[in-house]
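Spelled out, the chains give:
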Amino acid sequence: KNLIVTDRDLFPDGTVEIDQIRIFADARPERIISYAGSKIILSIPETVNGYTVSRIGAYAFNGNDTLLTVTLPESVTSIGEFAFAGSVIRTVKGAKGVTTIEEGAFMYCAGLSTFAWGDALTTIGNDAFRGTGFTEFTAPNGLLSLGDRAFFECEFLDTVRLDIALKTLGNNAFAQCPRLATAVVPGCFTNRESQVFDSTCSVSYMSSENIALLSWS
């Protein structure tokens with residue numbers, strides 16, 4: 001049985017609270033939990049009452065104004081829509097098991113600059129890291145899909161490195177990033193650089209391995 005972390009008290013009569021992590025039981029096989037505390041640093045347990053925490057659900061930490069660092073257990077494989085959006089989170093640790101980061105999961109988390117990217121990660125959804133504080137992004141080897149506006153409006157982003165394994169690269173994924181100066185991308189995307197980044201970038205070098213270096217005018 002899996003736990004889904006969410007902020008929605010769907011079944012309040014089944015509430016159990018352990019270390020400020022609130023558990024809501026329902027009649028279905030799954031369980032839904034939410035964080036109700038005010039810690040600055042939080043380690044989410046891998047199991048609660050015998051249930052495995054496999055997902056951070058939609059809006060679970062949305063708008064949280066205290067949590068700066070969260071450590072995820074390796075059992076967590078997905079982070080739901082807008083799970084941390086608009087929060088003050090700065091650091092995400094232990095995300096080695098995460099395969100999917102859904103739409104808007106960390107949108108407008110302006111202080112977020114450290115994330116433990118794992119090679120299990122295959123999908124980053126639309127707007128997932130829009131408006132965050134990263135200075136560089138090096139895609140993990142397993143990343144296959146990067147959504148529209150995934151890193152849109154990242155003011156401090158200056159370096160991007162995408163792996164040859166990437167199959168889908170969304171529109172405006174790195175647009176409106178005023179400090180972006182270096183981008184290394186698979187050559188198959190070079191006909192779309194102005195759609196992915198912005199109209200002032202161009203291919204300055206193409207390697208024999210079909211990896212392109214982009215530059216800005």
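What you see is a predicted model, and the numbers here were worked out from it, not measured in a lab.

Colleague: I'm lost on the side chain of Thr 132 in this one. Help?
Modeller: Structurally, Thr 132 can be placed in the loop between strand E13 (123–124) and strand E14 (136–138). At a separation of 2.7 Å, a polar atom in the side chain of Thr 132 contacts the main-chain carbonyl oxygen of Phe 129.

Colleague: How should I be thinking about the environment of Phe 197 in this particular structure?
Modeller: Its location among the elements puts Phe 197 in the loop between helix H1 (193–196) and strand E19 (201–206). Spatially, the C-alpha atom of Phe 197 lies 4.4 Å from that of Ala 175, the residues being 22 residues apart in sequence. When sequence neighbours within four positions are dropped, the list of residues in contact with Phe 197 reads Phe 174, Ala 175, Leu 180, Ala 183, Val 185, Leu 214 and Trp 216.

Colleague: Would you mind showing me how to read the nonpolar core here?
Modeller: Note that soluble globular proteins tend to have their nonpolar side chains buried in a common cluster. In this structure, Ile 79, Phe 84, Phe 106, Leu 146 and Phe 174 are the most contacted members of the largest nonpolar core, which totals 53 residues. When contributions to this core are tallied by element, the ones reaching two or more residues are strand E7 (51–56), strand E18 (182–186) and strand E20 (211–216).

Colleague: Even after reading the chapter, I still don't get the environment of Leu 143, so can you show me in this structure?
Modeller: Residue position: Leu 143 is located in the loop between E14 and strand E15 (145–146). Sequence spacing of Leu 143 and Thr 168 is 25 residues, and the spatial spacing of their C-alpha atoms is 9.3 Å. Each residue touching Leu 143, except ones within four places of it in the same chain, is listed here: Leu 121, Thr 122, Thr 123, Ile 124, Phe 137, Ala 165 and Leu 166.

Colleague: Help me understand unusual backbone geometry, please; the structure alone is not making it clear to me.
Modeller: Outside of glycine, negative phi angles account for most residues, and trans bonds account for most peptide bonds. Within the chain, Phe 82 stands out as a residue other than glycine whose phi angle is a positive 55°. Within the fold, Phe 82 resides in the loop between strand E9 (78–79) and strand E10 (91–93). Within the chain, Gln 176 stands out as a residue other than glycine whose phi angle is a positive 60°.

Colleague: Explanation requested: the sheet that holds E19 in the structure shown.
Modeller: Each strand in a sheet pairs with another by means of backbone hydrogen bonds, the pair being arranged parallel or else antiparallel. Judged by pairing direction, the sheet is mixed, and its five strands sit side by side in the order E14-E16-E18-E20-E19 without closing on themselves. Because the sheet does not close on itself, it has two edges, and the strands there are E14 and E19. Each strand of the sheet is rotated relative to its neighbour by a mean of 25°, with strand direction disregarded. By the bridge criterion, four bridges tie E18 to E20 in an arrangement that is antiparallel. In the sheet register, Ala 183 faces E20, and the bridge partner there is Leu 214.

Colleague: What's the story with the environment of Thr 99 in this structure? I'm lost.
Modeller: Mapped onto the secondary structure, Thr 99 falls in the loop between E10 and strand E11 (100–101). The spacing of Thr 99 and Leu 143 is 44 residues in sequence and 8.8 Å in space, taken between C-alpha atoms. The contact partners of Thr 99, leaving out residues within four places of it in the chain, are Thr 77, Ala 120, Leu 121, Thr 122 and Thr 123.

Colleague: Quick question: what am I supposed to make of the sheet that holds strand E8 (residues 69–71) here?
Modeller: Pairing is parallel in the open sheet, where four strands are placed in the order E5-E8-E10-E12. Taken across any chain shown, the strands that pair with only one partner, and hence form the sheet edges, are strand E5 (41–43) and strand E12 (114–115). Bridge count for E5 against E8 is three bridges, and the pairing is parallel. Opposite Ser 43, over in E8, you have Thr 71 as the bridge partner.

Colleague: Is there a simple way to think about the side chain of Thr 69 in this case?
Modeller: With respect to the secondary-structure elements, Thr 69 resides in strand E8. Note on Thr 69: relative accessible area 15%, which makes it buried. In contact with Thr 69, not counting residues within four places along its chain, are Ile 40, Ile 41, Leu 42, Ile 89, Thr 91 and Lys 93.

Colleague: Just checking my understanding: could you explain the state of the cysteines for this structure?
Modeller: Here a disulfide denotes one covalent bond, and it connects the sulfur atoms of two cysteines. All told, the structure shown has zero disulfides when counted by the stated rule. Of all cysteine sulfurs, the one in Cys 154 lies closest to Cys 177, which takes part in no disulfide; the gap is 4.9 Å.

Colleague: Any chance you could explain the packing of aromatic side chains here in plain terms?
Modeller: The geometry of two aromatic rings is summed up by the distance between their centres and the angle between their planes. Inspection of the entire model under this criterion finds 17 aromatic pairs. Note on Phe 134 and Phe 151: the rings are 6.1 Å apart at their centroids and 70° apart in plane angle, and the pair reads as edge-to-face. With a gap of 17 residues between them, Phe 134 in the loop between E13 and E14 and Phe 151 in the loop between E15 and strand E16 (159–161) connect regions that are remote in the sequence. The two residues Phe 134 and Phe 151 agree in class, both being buried. On the numbers, 4.6 Å between centres and 35° between planes, the contact of Phe 137 with Phe 151 is tilted. Pair noted here: Phe 137 is in strand E14 and Phe 151 is in the loop between E15 and E16, with a separation of 14 residues, a long-range link. Comparing Phe 137 with Phe 151, the two get one shared label, buried. One aromatic cluster is present, formed by Phe 61, Phe 84, Phe 106, Phe 115, Trp 117, Phe 129, Phe 134, Phe 137, Phe 151, Phe 174 and Phe 197 through successive ring pairs.

Conventions and cut-offs
- Numbering of residues begins from 1 in every chain and follows the order in which that chain's sequence is written.
- Only residues with pLDDT of 70 or above have their local features reported here, since the model is predicted, and side-chain atom pairs are shown and tallied only from 80 upward, although totals for entire chains, interfaces and linings are computed over all residues.
- Based on all heavy atoms of the structure, the side-chain values leave hydrogens and waters out of the count.
- Each helix is a run of DSSP H or I of at least 4 residues and each strand a run of E of at least 2, with the numbering of both proceeding from the N terminus.
- Counted as a polar contact is a pair of N or O atoms within 3.5 Å, where, for protein atoms, one must be capable of donating a hydrogen and the other of accepting one, and residues adjacent in sequence contribute only when both atoms are in side chains.
- A contact between two residues is defined here by any heavy atoms of the two lying within 4.5 Å.
- Joining through side-chain atoms within 4.5 Å is the link that ties buried Ala, Val, Leu, Ile, Met, Phe, Trp, Tyr and Cys residues into a set, and such a set is a nonpolar core.
- Buried residues are those whose accessible area, probed at 1.4 Å on protein chains only, stays under 20% of the maximum for their type, while exposed residues exceed 50% and partly exposed ones sit between those limits.
- By definition, two strands form a pair when at least two bridges between them are found by DSSP.
- Angular values range over 0 to 180 degrees, each being the angle between N-to-C directions of two axes fitted as lines to C-alpha atoms, with helices fitted over their stretch in contact.
- Defined by distance alone, a disulfide is two cysteine sulfur atoms within 2.5 Å.
- Two rings belonging to Phe, Tyr or Trp (six-membered ring only in the last case) form a pair when the distance between their centres is within 6.5 Å. Interplanar angles under 30 degrees mark stacking, angles over 60 mark edge-to-face geometry, and anything in between is tilted.

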